[in-house]
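Architecture and fold: a report
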Amino acid sequence: MTDAPEQLERIHRRVRRCTKCRLHETRQHAVPGEGPADARCMFIGEAPGAREDEVGSPFVGLSGRFLDEALAEAGIDRSAIYITSVVKCRPPGNRNPRPDEFGTCIPAWLRAQIEIINPEIIVILGGVAFGALFEERAKLADVRGQVRERDGRRWLITYHPASAMRFPTSRAGFEQDLRTLAGLLGE
Ligand code: SF4
C-alpha cells in the first residue's frame, strides 16, 4: 500500500505520458496538477493555457499571477491548495475543451486525484469546469458563489481567474468567493 504523495506522483507521471484524447497531439507539456497530497482544498480550472503548456505547471501565466494576488488578499496560502483542471493538456488556440476531451480526462485522472487528496472543499473555476463536473446547463452567473454539498465535501462555484482579471463585476464576485473560501477553511 503506497501513501498519498506517492500515489499522486504516479498519477502525475502517467498524465505526462497520456495519449487518451486528441489534446496530446498538440501539447508541449501535460499539466497534471500541483500542490500537497493532503490539501484541504482543491481548485479545478478549465485547461492549461500557453504558458502552462510551456512549463507544465498550472496557473503560472498572467491569470496565475492574478490568482496568487487574489489568494494573498483573501489570506489564503496558495501552496496549501492543490490546483488542477478538467483537462490536463492545452486545447489548440486556447479553444474550450470539448465534452469528449473532458469526458475522457475526468474519469481517467481527475476522479483519482480527488479520491487520493480527499479535499474538504473543491473550488470550481469557471463555467467550463462547472459544466464538466456538474453536467448542468446553468449560466455561471446564476450559480457562482454557491456552496454545494456532494460526495461528502463542499463545492464552491466561482469565476475563472482569467475572466475575473478582465471584467470588474466578475472580479468583485471572485474576490467575494475567495473570502467565502477563507471563511470555510477557517471553520
Ligand atoms: S487532456 Fe487528459 S485525457 Fe487528454 S491526452 Fe491530456 S491527460 Fe490525456
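Here's a quick rundown of the structure.

All right, on to the environment of Met42 then. With respect to the helices and strands, Met42 occurs in strand S1 (residues 41–45). The spatial distance from the C-alpha of Met42 to the C-alpha of Glu175 is 17 Å, given a sequence separation of 133 residues. When near neighbours in sequence (up to four residues on either side) are disregarded, Met42 contacts Ile81, Tyr82, Thr84, Leu110, Gln113, Ile114, Ile117, Pro119, Ile121, Ile122 and Val123.

In this structure the tally under the stated criterion is one cavity of 30 Å³ or more. Each pocket or cavity is described by its volume, and for the largest cavity that value is around 110 Å³. Considering the residues around the largest cavity, the lining is formed by 15 residues, among which Cys18, Cys21, Cys89, Cys105 and Trp109 are closest to the centre. Of all the elements, helix H4 (residues 99–117) adds the most residues to the lining of the largest cavity, at four residues.

A separate point is the layout of surface pockets. For the largest pocket, the calculated volume is near 630 Å³. Taken together, 28 residues form the lining of the largest pocket, with Glu46, Ala47, Ser63, His160 and Ala162 sitting closest to its centre. For the lining of the largest pocket, the secondary structure elements donating two or more residues are helix H2 (50–55), helix H3 (62–74), strand S2 (81–85), helix H5 (127–134) and helix H7 (161–166). It is H7 that provides the largest number of residues to the lining of the largest pocket, a total of four residues.

On to unusual backbone geometry. In this structure, Asn94 is a non-glycine residue whose phi angle is positive, near 60°. Looking at the element boundaries, Asn94 is found in the loop between S2 and H4. For Glu135, which is not glycine, the phi dihedral falls at a positive 50°. When you line up the elements, Glu135 lands in the loop between H5 and helix H6 (140–143).

This part is about the nonpolar core. Ranked by size, the top nonpolar core spans 56 residues in total, and within it Phe43, Val86, Leu133, Phe174 and Leu181 carry the most contacts. For this core, the element with the most residues is H4, which contributes eight residues. For Phe174, the contacting residues outside a window of four places in its chain are Phe66, Leu67, Ala70, Leu125, Thr158, Tyr159, Pro161 and Ala164.

The next point concerns the site of the ligand. Around the ligand sit Cys18, Lys20, Cys21, Leu23, His24, Arg27, Val87, Lys88, Cys89, Cys105 and Trp109, and those are all the residues in its vicinity. In this structure, the ligand is accommodated by the largest cavity.

Time to look at the side chain of Ser57. Along the chain, Ser57 turns up in the loop between H2 and H3. Ser57 sits in the buried class, given a relative accessible area of 17%. Setting aside its immediate chain neighbours within four residues, Ser57 contacts Val31, Glu34 and Glu52.

A cluster of basic residues, Arg10, Arg13, Arg14, Arg17 and Lys20, forms a positive patch at the surface. Accessibility expressed as a relative area gives 42% for Arg14, which makes it partly exposed.

Two numbers describe how helix H1 (residues 4–16) lies on H4: the axes approach to 10 Å, and their chain directions differ by 165°. Classified by the angle their axes make, H1 and H4 are roughly antiparallel. With respect to the hand of their crossing, H1 and H4 are arranged in left-handed fashion. Between H1, through Ala4, Gln7, Leu8, Ile11, His12, Arg14 and Val15, and H4, the contact on the second element is made entirely by Trp109, Ala112, Gln113, Ile116 and Ile117. Residue classes in the contact of H1 with H4 are distributed as eight nonpolar, three polar and one charged.

Parameters at a glance
Residues numbered from 1 in each chain as written. Predicted model: local features only at pLDDT ≥ 70, side-chain atom pairs only at ≥ 80, totals over all residues. Heavy atoms only, no water. Helix = DSSP H or I, 4+ residues; strand = E, 2+ residues; numbered from the N terminus. Contact = heavy atoms within 4.5 Å. 1 Å grid on protein atoms, 1.4 Å probe; cavity = no way out; pocket = protein on both sides within 12 Å on 5 of 7 lines; lining within 4 Å. Points joined across faces, edges and corners; volume = space filled by probe spheres on them. Core = buried A, V, L, I, M, F, W, Y, C linked by side-chain atoms within 4.5 Å. Buried < 20%, exposed > 50% of the residue type's maximum accessible area, 1.4 Å probe, protein only. Near = heavy atom within 4 Å. Sits in = over half its atoms within 2 Å of the grid points. Patch = residues over 30% accessible without salt bridge, like charges linked within 9 Å, V, L, I, M, F, W, Y side chains within 5 Å. Areas by Shrake-Rupley, 256 points an atom, 1.4 Å probe, with all protein chains shown as cover. Salt bridge = Lys/Arg side-chain N within 4 Å of Asp/Glu carboxyl O. Lys, Arg positive; Asp, Glu negative; His and termini not counted. Charge placed at Lys NZ, Arg CZ, Asp CG, Glu CD. Axes fitted to C-alpha atoms, helices over the stretch in contact; angles between N-to-C directions. Parallel < 35°, antiparallel > 145°, perpendicular 65-115°, else oblique. Left-handed = near helix turned anticlockwise from the far one by under 90°. Nonpolar A, V, L, I, M, F, W, Y, C, P; charged D, E, K, R; others polar.

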